[in-house]
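Observations on chain architecture
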Amino acid sequence: MKIPPTLSVVLSNLLKKPATNPFPHTDPVPTPEGFRGKVVYHVDKCIGCKLCVTVCPAGVFEYVEEIKKVTLWLGRCVFCQQCVDVCPTNALEMSNEFLLATYDKYDDNLRWLKDEEIEELRAKQGGKT
Ligand code: SF4
Ligand code: SF4
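For the structure given in this document, a descriptive report is provided here. These numbers were taken from a predicted model, which means no experiment stands behind them.

1. A few points about the site of ligand 1
As a matter of local geometry, ligand 1 sits amid Val39, Cys56, Pro57, Ala58, Val60, Phe61, Cys77, Val78, Phe79, Cys80, Gln81 and Cys83. Across the shell around ligand 1, the residue classes break down as 11 nonpolar, one polar and no charged.

2. Points about the environment of Leu92
Take Leu92: it is sitting in strand S4 (residues 92-94). The spatial distance from the C-alpha of Leu92 to the C-alpha of Tyr41 is 4.8 Å, given a sequence separation of 51 residues.

3. Quick look at the packing of aromatic side chains
Counted by the stated rule, this structure contains two aromatic pairs. On the numbers, 5.8 Å between centres and 70° between planes, the contact of Phe35 with Phe98 is edge-to-face. Taken as a pair, Phe35 in the loop between helix H1 (5-14) and strand S1 (39-41) and Phe98 in the loop between S4 and strand S5 (111-112) lie far apart in primary sequence, 63 residues in all. According to the relative accessible area criterion, Phe35 is partly exposed, its value standing at 28%. Seen in terms of ring centroids, Trp73 and Tyr106 are 5.0 Å apart; in terms of plane orientation they differ by 40°. Their pairing is tilted. One end of the pair, Trp73, is in strand S3 (residues 69-73); the other, Tyr106, is in the loop between S4 and S5, with 33 residues separating them in the sequence.

4. Considering the layout of surface pockets
Approximately 240 Å³ is the volume found for the largest pocket. Surrounding the largest pocket, 14 residues form its lining, Val60, Glu62, Thr71, Leu72 and Trp73 being those nearest its centre. If you list the elements that add at least two residues to the lining of the largest pocket, you get strand S2 (61-64), S3, S5 and helix H4 (115-128). At three residues, S3 tops the list of elements feeding residues into the lining of the largest pocket. A class-by-class count of the residues in the lining of the largest pocket yields seven nonpolar, two polar and five charged.

What counts, and where the lines are drawn
Residues numbered from 1 in each chain as written. Chains lettered and ligands numbered in written order. Predicted model: local features only at pLDDT ≥ 70, side-chain atom pairs only at ≥ 80, totals over all residues. Heavy atoms only, no water. Near = heavy atom within 4 Å. Nonpolar A, V, L, I, M, F, W, Y, C, P; charged D, E, K, R; others polar. Helix = DSSP H or I, 4+ residues; strand = E, 2+ residues; numbered from the N terminus. Phe/Tyr/Trp six-rings, centres within 6.5 Å; stacked < 30°, edge-to-face > 60°. Buried < 20%, exposed > 50% of the residue type's maximum accessible area, 1.4 Å probe, protein only. 1 Å grid on protein atoms, 1.4 Å probe; cavity = no way out; pocket = protein on both sides within 12 Å on 5 of 7 lines; lining within 4 Å. Points joined across faces, edges and corners; volume = space filled by probe spheres on them.

Encoded structure:
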């Protein structure tokens, strides 16, 4: 009797190792170069030009006039990278962090510049003038 082609493939696959990555028991599949993960904000490099506020399609940024910086809430981010491309001082960059699931949508990991940090900057800048 002739073995059907599908059956011969199935039988040969039974002898091969599984091709799956059993995460979380192993590391995730490595991210490629240019991967668009969590946006990182380098506050000290920011000059408060507001270009990121203008270009972001998801309303992630809020400009804080008193300290001339921005805040980010990444719960809205669609990882399009437009803010990174437009920032003139490289204050924004895409990292390769993608394990961002959380029980709290305002989790600290999804925010840049929290209230206390804004207060700190305000105090510092106030001290200079
Ligand atoms: S990656 Fe896109 S959606 Fe996310 S903060 Fe930047 S501009 Fe906004
Ligand atoms: S585009 Fe860059 S420098 Fe301008 S406000 Fe945004 S983060 Fe700051």
